[in-house]
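Residue-level listing of the chains:
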Amino acid sequence: MISVAQALQLVLQHKISPQTEEVELLQSLGRTLAQDVTADRDFPPFHRVTMDGIAVRASDFVAGIRAFPIEEIHAAGSPQKTLHHPGHCLEVMTGAVLPQGTDAVVPYEECTMHENVATVLAEKVRAGQNIHPQGSDKKAGEVLLTSGVKITPAILGTLASVGYAQVPVFQLPSVAICSTGDELVEVQQQPLPHQIRRSNAYMLAGALQQENIQASLFHLPDEPAIMQKRLAKILEAHDVLLLSGGVSKGKFDFLPQVLEELGFTPVFHKIAQKPGKPMLFGTLPEQKVVFGLPGNPVSTFVCYQLFFRPWLHASLHQDHQPASAQLTQTLTFKPALTYHVPVKLHQDQGILKATPIPTTGSGDLTSILEADGLLSLPPEQENFAAGEAFPLTLFT
Ligand SMILES: Nc1nc2c(c(=O)[nH]1)N[C@H]1C(S)=C(S)[C@@H](COP(=O)(O)OP(=O)(O)OC[C@H]3O[C@@H](n4cnc5c(N)ncnc54)[C@H](O)[C@@H]3O)O[C@H]1N2
Ligand code: MOO
Ligand SMILES: [Mg+2]
């Protein structure tokens, strides 16, 4: 059986290379930028006044002048004005272009204004004060955003400031989520005593919505001929199959065989991990990718977080930041499997601490309600001490 690290490496080797598309600025939130973005002009584009007050020459103040006749009032949004006479000033508003011939702004709070003369009360006025110099944040042509970043509200603002009404982003794959199993009924149905509702499909659809992907939902009965026919149809319109259930050893776990008949090339089946051991991964003709997630709800979720999400982010050229956290209590786990423990996180004196959430196993969906992520305890160890740090996967 392959290790978690080997499985991840194989999954990442099958990342796709999406095309780019342009979307409207507001539609780009949460998407992945597909191009570097440079400053179209200096940031700020002019010497920007940062306080409402008067603009003067600092040398006039140093020479002893305190009463400055006001030549004009200069609002933000007006073209640059000029100071015509030494010893005079202009009233200026925050956001205005610093008037030519001035080099300091004294706020109203440090002046008295009387009959068109501003008297400076401050003890000091130095050149450059209350001015945001042109190009001091970024110079025209400098890279502001790099391709591969996930677009946040701050990035939206930056894109707006450089004129991106349309934003180049990577196209998202079209994903079909298929639940399998004759014990499953629709959410609105009242299950019979031997049935359950097909919750995995919605959990996966929700996780994908957080990635801006609107997946299509399907259900396959445990009947190979019907499964094959439906999957062939589903594959006509989708790049990725996210399957839940039907991949283990059961007499009705038909997926591996059905996929094979559709031209499936398995990359791996089974990973040395708990939960999620029976996971199946492979490809279909036309570069389609199949994730066969084990049906137990926690296994489904864990395999989504540990393998599908990194695959998606790598395909979209997004960076991945490895994380870790310290166990707060001692654990023992003997099988030679990576043990993914759902944990609740907290900070303690700047250190991220992870407390395992009690669970009855991978069928216990409620165990991940409280969880912030998974701590992955390595297979070569049996005892895990409080205070030891392990790799952490944060849930979305
Ligand atoms: N003899 C063995 N039996 C099992 C093994 C094994 O190695 N040898 N592995 C166990 C592990 S671990 C898991 S995980 C499961 C995986 O099973 P499948 O992927 O085949 O999934 P199913 O058999 O279809 O279902 C398992 C379980 O999950 C429930 N389920 C399935 N789909 C949904 C859904 N959409 N929403 C909610 N719950 C769902 C299903 O009712 C079953 O209870 O196999 C073990 N067995
Ligand atoms: O390992 Mo299974 O994935 O625990 O239920
Ligand atoms: Mg099964």
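Under the annotation held in an unreviewed UniProt entry, the protein carries the name Molybdopterin molybdenumtransferase and is attributed to Rufibacter sediminis. UniProt annotates the protein under Pathway (unreviewed entry) with the comment "Cofactor biosynthesis; molybdopterin biosynthesis." Listed under Cofactor (unreviewed entry) in UniProt, the entry text for the protein is "Mg(2+)".

A. Representation of the site of ligand 2 within the structure. In the neighbourhood of ligand 2, the contacting residues comprise Pro275, Gly276, Lys277, Asn296, Ser299 and Ser362. Here an oxygen atom of ligand 2 sits 2.3 Å away from a polar atom, N or O, in the side chain of Ser299. Taken together, the residues of the shell around ligand 2 break down into one nonpolar, four polar and one charged.

B. Region of the structure containing the coordination of the magnesium ion (ligand 3). Coordination of the magnesium ion (ligand 3) by the protein is provided by Asp253 (OD) and Asp253 (OD), with metal-donor distances spanning 2.3 to 2.4 Å. Note that Asp253 resides in the loop between β17 (240-244) and α6 (255-261).

C. Here's a closer look at the sheet that holds strand β6 (residues 89-92). With respect to topology, six strands assemble into an open sheet ordered β7-β4-β6-β5-β9-β8, the strand pairing being mixed. Because the sheet does not close on itself, it has two edges, and the strands there are β7 (104-107) and β8 (111-114). Pairs of neighbouring strands in the sheet enclose a mean axial angle of 40°, with direction left out of account. When strand β5 (residues 67-74) meets strand β9 (residues 117-120), the two strands line up antiparallel, connected through three bridges. Among the inter-strand pairings, Pro69 is bridged to a residue of β9, identified as Val117.

Here is what the cut-offs are and how they apply
Residues numbered from 1 in each chain as written. Chains lettered and ligands numbered in written order. Predicted model: local features only at pLDDT ≥ 70, side-chain atom pairs only at ≥ 80, totals over all residues. Heavy atoms only, no water. UniProt positions renumbered as here; feature names shortened; annotations may be inferred. Near = heavy atom within 4 Å. Polar contact = N/O pair within 3.5 Å; in protein donor to acceptor, adjacent residues only side chain to side chain. Nonpolar A, V, L, I, M, F, W, Y, C, P; charged D, E, K, R; others polar. Donors = N, O, S within 2.8 Å, 3.2 Å for Na, K, Ca; no water. Helix = DSSP H or I, 4+ residues; strand = E, 2+ residues; numbered from the N terminus. Pairing = 2+ DSSP bridges. Axes fitted to C-alpha atoms, helices over the stretch in contact; angles between N-to-C directions.

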